[in-house]
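Spelled out from the first residue to the last, the chains are:
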Amino acid sequence: MPRYARSEREALADLMQNLGPDAPTVNEGWSVRDLAAHLVVRERRPDAAGGIALPPLRGYAERVRLRVAARPFDELVALVRRPPLWSPLSNPVTDELVNTMEFYIHHEDVRRARAGWGPRNLPAGLDAVLWRRASVLGRLALRRFPADLLVQAPGHGALSAGRGGPRIRVVGAPGELVLFLTGRQRVSRVQVEGPAAAVDRLRAAQLGI
């Protein structure tokens with residue numbers, strides 16, 4: 001059985017090591033060191049990981065992340081590469097389910113912050129996994145957007161979302177749609193069709209769950 005979460009994790013760790021701690025990422029204001037610390041906190045600090053999604057805990061989570069980020073960079077990358085088996089996010093039962101999309105996204109966060117990047121040709125199995133994630137993510141991320149949205153991944157499927165309004169069609173490969181739907185519209189290669197003002201609003205929207 002392919003282990004896409006593991007392969008994306010390994011590729012990300014290799015790229016982080018090669019680029020160094022100060023290389024930029026797609027995440028505004030974050031270097032590779034910042035991203036590595038985020039991943040370490042997510043998997044190894046359950047007391048702080050909730051702050052990634054819950055606003056009342058974000059201050060504490062950020063203080064923990066900054067302390068983790070101060071550790072030697074080689075150590076941070078090693079922690080990203082070899083997650084703890086006890087973690088509810090990275091144990092053998094949950095790893096593929098929870099981490100495939102997470103590490104694909106963050107791998108691209110580093111890749112696409114460099115000049116000359118291009119989309120990868122992903123394995124068919126990984127495309128299928130990412131479409132399953134995108135089909136759920138799209139309904140959540142776009143549920144309040146004021147448009148009638150059709151999101152299509154040719155060869156994989158389509159979904160409808162939005163709360164009504166002008167018709168917008170978003171077409172792309174599963175991995176590109178995942179990036180678009182998690183707020184990385186600027187670096188996702190998708191085709192967006194519809195009224196210009198609505199398309200511009202969608203491309204600038206703060207998407208994500």
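Conventions and cut-offs
Residues numbered from 1 in each chain as written. Predicted model: local features only at pLDDT ≥ 70, side-chain atom pairs only at ≥ 80, totals over all residues. Heavy atoms only, no water. Helix = DSSP H or I, 4+ residues; strand = E, 2+ residues; numbered from the N terminus. Rg over C-alpha atoms; globule rule 2.2 N^0.38 Å. Buried < 20%, exposed > 50% of the residue type's maximum accessible area, 1.4 Å probe, protein only. Contact = heavy atoms within 4.5 Å. Areas by Shrake-Rupley, 256 points an atom, 1.4 Å probe, with all protein chains shown as cover. Polar contact = N/O pair within 3.5 Å; in protein donor to acceptor, adjacent residues only side chain to side chain. Expected span 1.5 Å × (residues − 1).

## A word on the overall build of the chain
The helix and strand tally for the chain stands at nine helices and four strands. Shown N-terminal to C-terminal, the secondary structure of the chain runs as helices and strands in the order α-α-α-α-α-α-α-β-β-β-α-β-α. Computed over the C-alpha atoms, the radius of gyration of the chain is 17 Å, within 12% of the 17 Å expected from 2.2 N^0.38 for a compact globule of 209 residues. Oriented by its inertia axes, the alpha-carbon framework of the chain measures out at about 50 × 40 × 35 Å. The buried share of the chain, reckoned over its 209 residues, is 51%. Within the chain, contacts between residues at least 6 apart in sequence are counted, and of these 57% link residues at least 24 apart. Put simply, the chain shows about 10,300 Å² of open surface, and 55% of that area lies on carbon and sulfur atoms.

## Examining the side chain of Arg 184
Turning to its location among the elements, Arg 184 is positioned in the loop between α8 (174-181) and β4 (191-193). Arg 184 sits in the buried class, given a relative accessible area of 13%. A polar atom in the side chain of Arg 184 sits 2.6 Å from the side chain of Asp 109. Once residues within four sequence positions are removed from consideration, Arg 184 is found in contact with Val 26, Asn 27, Ile 105, His 106, Asp 109 and Leu 179.

## Let's talk about helix α7 (residues 124-141)
Spacing of three or four residues puts side chains on the same side of an α-helix, whose turn is 3.6 residues. Taking 1.5 Å per residue, 18 residues should reach 26 Å; α7 reaches 25 Å between its end C-alpha atoms and fits that length. Listed as buried for α7 are Leu 126, Asp 127, Val 129, Leu 130, Trp 131, Arg 133, Ala 134, Ser 135, Leu 137, Gly 138 and Ala 141. Among the structural elements, α1 (4-19), α6 (95-111), β1 (148-153), β2 (157-161) and α8 are those in contact with the buried residues of α7.

Function cannot be inferred from these measures alone, as they are strictly geometric.
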